[in-house]
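Each chain is listed here by its residues.
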Amino acid sequence: YDGCKIISLITNPDNFFDSEYGIYVTGNIFEEYTKSGGMGDSWSWWPANYRMQGAEWERVAFLHFFDEKGELILSQESGIRIHGGVSRGMLPKSLNMYSRREYDGNEKFEFEPFDTQYNPKRMTLANGGNQTITQFNDFMMTERIADILNLATLSHVPCVLFINGEYWGCYWLNEKYDEIYLSYYYDVNEDNVIIMKNNRLEEGEEGEETLYYEMENYIINHDMTIDEYYRRACEMIDIENYIDYHAVLVYIARQEDWPFSNWAAWRTRDVRNEQYSDGRWRWLLFDCNSSSMGNTEGLQEHNTL
């Protein structure tokens, strides 16, 4: 593995593979589903341990990160959860990693894996989503549009993963959109950030999701060909960002679950006289794996774009 970044996760095997407690297996949840006469849905959405989400399904592992020269850069405890939608049912699975004070006293991971100047508190070991073989689409899109469009993108770092000393394959180590990411890249106060993802409040205070729905309802219920209404809409969203976001996803023929799912947007809570602390909604690009990327098979079914 010379020249490769390496991540090693050490954890109690039960955390991943126990029928009742393990987060990586079908487990007892799938067994109960089959006994109740299930199996009617697509296999990718069958209930299983690995489909479960939330703090109850976070496990603790010890994370070691080695650079390309094999030098140990980080040794730190981390919370681990399964990441993704359909890809939860695939192998290998993506993993989210969380630095938490209750584990070892660290609020962030004490290293800079993305050649940036900030320490992340959340990261994803991405399996490529629906592209688990090539794992290429997300990386390619990010590389093509980063620093060109008015659009947030995630850094991708290739690495090799070991779990309890066993080779687990090649992954992308990715940033995650959170208040730390937005504070670094957009120079906003991390305590002043609201993030909406898939119609859920991802970051912010309870009830602040109404700010997104108020914007959405205003645009739905007003004629945007009237200058007065359009100007008001532009005060609520960053229109250039909105255009770039949709232009990219339409161009790559993002299919199936977008735009109804796999979207995220953010804004600052307080409106200040600063470039990005203006209270306008901006969209975040992620999950470009379910796009045609030159594969025209099945596109006739998704020609509504």
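Residues numbered from 1 in each chain as written. Predicted model: local features only at pLDDT ≥ 70, side-chain atom pairs only at ≥ 80, totals over all residues. Heavy atoms only, no water.

Undergrad: For this particular structure, what's the right way to read helix H8 (residues 239–251)?
TA: Two residues of an α-helix separated by three or four positions point the same way, owing to the 3.6 residues in each turn. The end-to-end C-alpha distance of H8 is 18 Å, a good match for the 18 Å that 13 residues give at a rise of 1.5 Å each. Residues of H8 that are buried include every one of Ile239, Asn241, Asp244, Tyr245, Val248 and Leu249, and no others. In the core, the buried residues of H8 are packed alongside helix H4 (137–145), helix H7 (227–236) and strand E11 (282–283). Ala253, located one to two residues past H8, shows a positive phi value of around 60°. (Helix = DSSP H or I, 4+ residues; strand = E, 2+ residues; numbered from the N terminus. Expected span 1.5 Å × (residues − 1). Buried < 20%, exposed > 50% of the residue type's maximum accessible area, 1.4 Å probe, protein only. Contact = heavy atoms within 4.5 Å.)

Undergrad: Explain the sheet that holds strand E9 (residues 200–203) to me, please; I cannot follow it from the model alone.
TA: Strands belonging to one sheet form pairs held by backbone hydrogen bonds; the direction of such a pair is parallel or antiparallel. Strands sit in the order E9-E8-E10-E11 across an open sheet of 4 strands; the sheet is antiparallel. The open sheet terminates on both sides in strands that have one partner only, identified here as E9 and E11. The sheet strands contacting helix H5 (residues 179–186) are strand E8 (193–197), E9 and strand E10 (264–268), and the helix crosses E8 at an angle near 120°. (Pairing = 2+ DSSP bridges. Axes fitted to C-alpha atoms, helices over the stretch in contact; angles between N-to-C directions.)

Undergrad: I keep staring at H7 and nothing clicks. Help me out?
TA: What H7 keeps buried is the set Ala233, Cys234 and Met236. Take H7 and look down its axis: the buried residues cluster within an arc of 155°, on one side only. Turned more than 90 degrees from where H7 packs its buried face, Asp227, Glu228, Arg231 and Glu235 sit exposed. Where H7 is buried, its residues touch helix H6 (209–221) and H8. (Arc of directions from axis to C-beta.)

Undergrad: Whenever I open this one, the environment of Ile145 confuses me. Can you help?
TA: Tracing the backbone shows Ile145 in helix H4. Sequence separation between Ile145 and Val248 is 103 residues, and the spatial gap between their C-alpha atoms is 8.7 Å. Once residues within four sequence positions are removed from consideration, Ile145 is found in contact with Leu151, Thr153, Val248 and Leu285.

Undergrad: Is there a simple way to think about unusual backbone geometry in this case?
TA: Residues apart from glycine generally show negative phi values, whereas peptide bonds are mostly found in trans. A cis geometry characterises the amide bond from Leu91 onward to Pro92, with omega recorded as -5°. Here Pro92 is to be found in the loop between strand E3 (72–83) and strand E4 (94–98). Here the phi dihedral of Asp115 falls at roughly 55°; this positive angle occurs in a residue that is not glycine. Mapped onto the elements, Asp115 comes out in the loop between helix H3 (101–104) and strand E5 (122–126). With a phi angle near 50°, Asn164 is a residue other than glycine that sits in the positive phi range. Position of Asn164 among the secondary structure elements: in the loop between strand E6 (156–163) and strand E7 (166–175). Classification of Asn164 as partly exposed rests on a relative accessible area of 32%.

Undergrad: Explanation requested: the pattern of salt bridges in the structure shown.
TA: Where side chains of opposite charge bring their charged atoms close, a pairing between them can arise. For the coordinates displayed, the defined rule picks out 14 salt bridges. A salt bridge links Arg269 to Glu208; the shortest N-O distance between them is 2.4 Å. Of the two residues, Arg269 is situated in the loop between E10 and E11 and Glu208 in the loop between E9 and H6; the sequence distance between them amounts to 61 residues. Residue Asp238 pairs with Arg282 through a salt bridge whose shortest N-O separation is 2.9 Å. (Salt bridge = Lys/Arg side-chain N within 4 Å of Asp/Glu carboxyl O.)

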